[in-house]
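This is what each chain is made of:
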Amino acid sequence: MADKTTTRTYETPPTDRPISDAEAARAAGLAANEHIKIASGYLRGTLADGLLKHATGAISEDDGQLVKFHGMYLQDDRDIRAERTKKKLEKAYSFMIRLRIAGGVVTPKQWLALDEIATTYAGGALRATTRQTFQYHGVIKSNLKRTMAAIDATLLDTIAACGDVNRNVMAATNPAQTGAHKAAYELAKDISDSLLPKTSAWREIWLDGERVVGGEDVAEVEPVYGKTYLPRKFKTVVAVPPSNEVDIFAHDLGFIAILDRRGKVTGWNVTVGGGMGMTHGETDTFPRTADVMCFVKPEDALKAAEAVMTVQRDWGNRKVRKNARLKYTIERYGLAAFRAEVEKRVGKPLADPKPFTFTGNGDRYGWTEGDDGRHHLTLYVASGRIKDYPDGGPQLLTGLRRIAEIHQGDFRLTGNQNVIIANVPAEKRAEIEALVDQHGMMKGASALRRNSMACVALPTCGLALAESERYLPSLMDELEASLASHGLQDDEITIRMTGCPNGCARPFIAEIGLVGRGPERYHLYLGAAFDGSRLGKLYAEDVTAAEIKTHLDPLFAAYARNKQAGERFGDYLIRDGYVTRTINGPDFHDATGALKSAA
Ligand code: SRM
Ligand code: SF4
């Protein structure tokens, strides 16, 4: 990755703290969401009253922003939006609910309860996300409180799963389960707990909890976040090389385990400033891979996490929301100034990063055995949608329920939308395997499909410009045939699709990235690194669904003919001049994408 931070002139960082008074905020020209946060009384707004308004399935616009901090989005069924508008009916509103599950660990008892909630309130599906948690879709307003009470009974919650806060913290789930993986999980959990908003609004609104008396003093209510929380969402992950399954370069903050010769964690490299989201046609927005900033000892990791987050709290752009993520803060003030401020807040200079190597950002499928002799089975779940598929498809919901009924270990969600049946004692392996077979859960998925991801998109996502999850399976059928015709059926190539450039399935760091532009039209990005450390380049614009295969087939043919031993598809396309190597940061938009076409 090129370091763009050495040759640029940067702005002087601010010295004041964020404004938390409504009048001053208006005078300072802060973004609308800042006003909503200030006026919300620590995320309460008028949510409690809004839930009692039975004439509508929606909530007010401002509450729609606040409810995200509670782990929810107001959505509507876009498949029937036009028809309802024609009939002058309100949109078919419902809520998406996202859980907070640090490190993606779920016990069998919790699994059974989450399954029951899905069956009762959310159309019989659990949706494993690209950030190691579950979402429910289609929960109607009148069922919201019942659903939240049921979630609370599982000892999980939805606090800070969305909103301008530190969100669900991801951790390496590699089933090899070494001591380093345990350390990664512990760190993820500690960060998740310590950076959790402290307001009691969640319990009050959803569980009719008592309002804590006197709690208006900022220092008492939200000592770290204050009234305005963060300028924008903030995402943290913990990785254990050589696997980059958490896609560390796509996140605001990351920790990479540095191991000694015996595999013990000696400390963590800290990464900052990754992110995927951008807007088509707005070149001041761009995806960016994170910088590897420094190394911290285990005892300093939590402090470093808080320091990075609070510098972003104080330096992040609160006027222009589209430029508010940490990646833009670092592009604005420079990595050196950012690191110096983090060191100041940690209270000591931090060491330079240590060497590390990642080999890929996908999951390892099938059975593996951990250091402690326990077994782990990684199952491929198409786009994370856990349900019973019709027409002889996998019975994932029922099958995993049956497994949860007898399983003595736990379940792990991966950052690639898959599920691991983890910590299986040797004597239980055959029984679990029989249930997996019986419910058609391991029906062979090709190498390409196993390395694919699609975001939710239509019909629930309000921002989708094109199909994604519903379209990917048929595209896979076509591309699998194309790959097989060139003898590439066993080649691992990462492919990811999203319905818009927000990048929820991290398409810009997949070797083949397809990003929705409009109905049945996608931008095609190529040349990203297999380990997720390099962004792809725009290769073809506005490709229709029918044209995707036409573009890729000749490239597959050229790759099959010319690849060197062990050479990855993304690397090959750069070496042979099909795309230029992407430089990180704003230069992502350089118009030098397709150098030559194979079509
Ligand atoms: Fe995302 C917004 C779904 C991971 C970048 N994302 C949305 C919303 C909530 C749409 C909205 O704002 O109305 C989508 C809900 C769709 C639905 O119906 O469920 C949505 N994002 C998802 C999930 C479910 C995709 C999936 O198929 O699994 C993922 C949930 C993760 C989780 O459990 O927390 C999801 N979103 C991501 C990722 C990947 C990641 O973090 O590793 C990214 C790119 C990384 C990043 O943050 O830069 C991502 N989502 C966005 C953005 C763009 C943010 C930006 O900085 O520009 C938005 C839009 C926004 O925030 O304004 C967005
Ligand atoms: Fe929606 Fe876009 Fe995210 Fe896909 S990438 S879920 S379309 S916001």
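Note that the coordinates shown come from a computational prediction; the quantities given were computed from them, not determined experimentally.

Caption draft 1: Region of interest: the overall build of the protein. Helix and strand counts for the protein stand at 19 helices and 20 strands. Relative to its length of 599 residues, the protein is compact, with a C-alpha radius of gyration of 23 Å against a globular reference of 25 Å. Seen through its C-alpha atoms, the protein measures out along the principal axes to roughly 70 × 60 × 55 Å. Taking all 599 residues of the protein together, 59% fall into the buried category. Taking as baseline every contact in the protein between residues at least 6 positions apart, the subset at least 24 positions apart corresponds to 67%. Taken as a whole, the protein presents about 23,500 Å² of accessible surface, with 51% of it coming from carbon and sulfur.

Caption draft 2: View of the layout of surface pockets. By volume, the second largest pocket is sized at about 910 Å³. Around the second largest pocket, the lining is made up of 38 residues, and of these Ala-382, Arg-385, Lys-387, Tyr-389 and Glu-469 lie nearest the centre. Across the lining of the second largest pocket, the residue classes break down as 20 nonpolar, 10 polar and eight charged.

Caption draft 3: Quick look at empty space enclosed by the protein. Counted by the stated rule, this structure contains two cavities of 30 Å³ or more. Taken as a whole, the largest cavity encloses approximately 90 Å³ of empty space. In terms of lining, the largest cavity is formed by 17 residues, of which the most central are Asn-416, Arg-450, Asn-451, Ser-452 and Met-453. Within the lining of the largest cavity, the residues separate by chemical class into five nonpolar, nine polar and three charged. In this structure, the second largest cavity encloses a volume near 50 Å³. Lining the second largest cavity we find Leu-43, Phe-69, His-70, Ile-159, Pro-197, Thr-199, Ala-201 and Trp-202. The residue inventory of the lining of the second largest cavity, partitioned by class, reads six nonpolar, two polar and no charged.

Caption draft 4: Just the site of ligand 1, in detail. Taken together, 31 residues lie near ligand 1, and Thr-129, His-137, Thr-460, Cys-504 and Arg-506 sit nearest. In the environment of ligand 1, an oxygen atom lies 2.8 Å from a nitrogen or oxygen atom belonging to the side chain of Gln-75. Here His-137 contributes a side-chain N or O atom positioned 2.7 Å from an oxygen atom of ligand 1. At the level of elements, β1 (72–76), β2 (93–98) and β5 (134–139) are the ones that each hand at least two residues to the shell around ligand 1. Grouping the constituent residues of the shell around ligand 1 by class yields 10 nonpolar, 13 polar and eight charged.

Caption draft 5: Examining the pattern of salt bridges more closely. The final tally for this structure, using the stated rule, is 45 salt bridges. The salt bridge partner of Arg-81 is Asp-76, with a shortest N-O separation of 2.8 Å. The class for Arg-81 is partly exposed, based on a relative accessible area of 26%. A salt bridge links Asp-291 to Arg-288; the shortest N-O distance between them is 2.7 Å. No difference in accessibility class separates Asp-291 from Arg-288, as the two residues are buried.

Caption draft 6: Structural context of the confidence of the model for the protein. Mean pLDDT over the protein stands at 94; residues scoring 70 or higher make up 96%. Ignoring residues within four places in sequence, the model shows residues 1–5, a span with pLDDT below 50, making 12 contacts including any to other chains.

Caption draft 7: Region of interest: the coordination of the iron atom of ligand 1. Exactly one donor from the protein chain reaches the iron atom of ligand 1: Cys-504 (SG), at 2.3 Å. Along the polypeptide, Cys-504 turns up in the loop between β17 (495–498) and β18 (512–518).

Caption draft 8: Local environment of the environment of Gly-384. Structurally, Gly-384 is set in the loop between β12 (375–379) and β13 (385–386). The spatial distance from the C-alpha of Gly-384 to the C-alpha of Val-419 is 8.2 Å, given a sequence separation of 35 residues. Leaving out residues up to four positions away in the same chain, Gly-384 has contacts with Leu-126, Arg-127, Ala-128 and Gln-417.

Caption draft 9: Focus on the sheet that holds β12. With respect to topology, five strands assemble into an open sheet ordered β3-β14-β15-β12-β11, the strand pairing being antiparallel. Edge positions in the open sheet fall to β3 (105–106) and β11 (366–369), since each of these has one partner strand only. As paired elements, β11 and β12 share four bridges and run antiparallel to each other. Note on β12: the bridge partner recorded for Thr-368 is His-376.

Caption draft 10: Geometry of the sheet that holds β18. If you trace the five strands from one edge of the open sheet to the other, you get β16-β17-β18-β19-β20, paired in mixed fashion. Of all the strands in the sheet, just β16 (452–454) and β20 (537–544) have a single pairing partner and so form its edges. Neighbouring strand axes in the sheet, compared pairwise and without regard to direction, differ in orientation by 15° on average. In the packing of helix α18 (residues 545–562) onto the sheet, the strands contacted are β18, β19 (521–526) and β20, and the crossing angle to β20 comes to about 140°.

Caption draft 11: Seen up close, the side chain of Thr-271. Within the secondary structure layout, Thr-271 lies in strand β9 (residues 265–272). With near-sequence residues (within four places) excluded, Thr-271 lies in contact with Ile-248, Asp-252, Leu-253, Gly-254, Phe-255, Ile-256, Ala-290, Asp-291, Val-292 and Met-293.

The rules we used
Residues numbered from 1 in each chain as written. Chains lettered and ligands numbered in written order. Predicted model: local features only at pLDDT ≥ 70, side-chain atom pairs only at ≥ 80, totals over all residues. Heavy atoms only, no water. Helix = DSSP H or I, 4+ residues; strand = E, 2+ residues; numbered from the N terminus. Rg over C-alpha atoms; globule rule 2.2 N^0.38 Å. Buried < 20%, exposed > 50% of the residue type's maximum accessible area, 1.4 Å probe, protein only. Contact = heavy atoms within 4.5 Å. Areas by Shrake-Rupley, 256 points an atom, 1.4 Å probe, with all protein chains shown as cover. 1 Å grid on protein atoms, 1.4 Å probe; cavity = no way out; pocket = protein on both sides within 12 Å on 5 of 7 lines; lining within 4 Å. Points joined across faces, edges and corners; volume = space filled by probe spheres on them. Nonpolar A, V, L, I, M, F, W, Y, C, P; charged D, E, K, R; others polar. Near = heavy atom within 4 Å. Polar contact = N/O pair within 3.5 Å; in protein donor to acceptor, adjacent residues only side chain to side chain. Salt bridge = Lys/Arg side-chain N within 4 Å of Asp/Glu carboxyl O. pLDDT = per-residue confidence, 0-100. Donors = N, O, S within 2.8 Å, 3.2 Å for Na, K, Ca; no water. Pairing = 2+ DSSP bridges. Axes fitted to C-alpha atoms, helices over the stretch in contact; angles between N-to-C directions.

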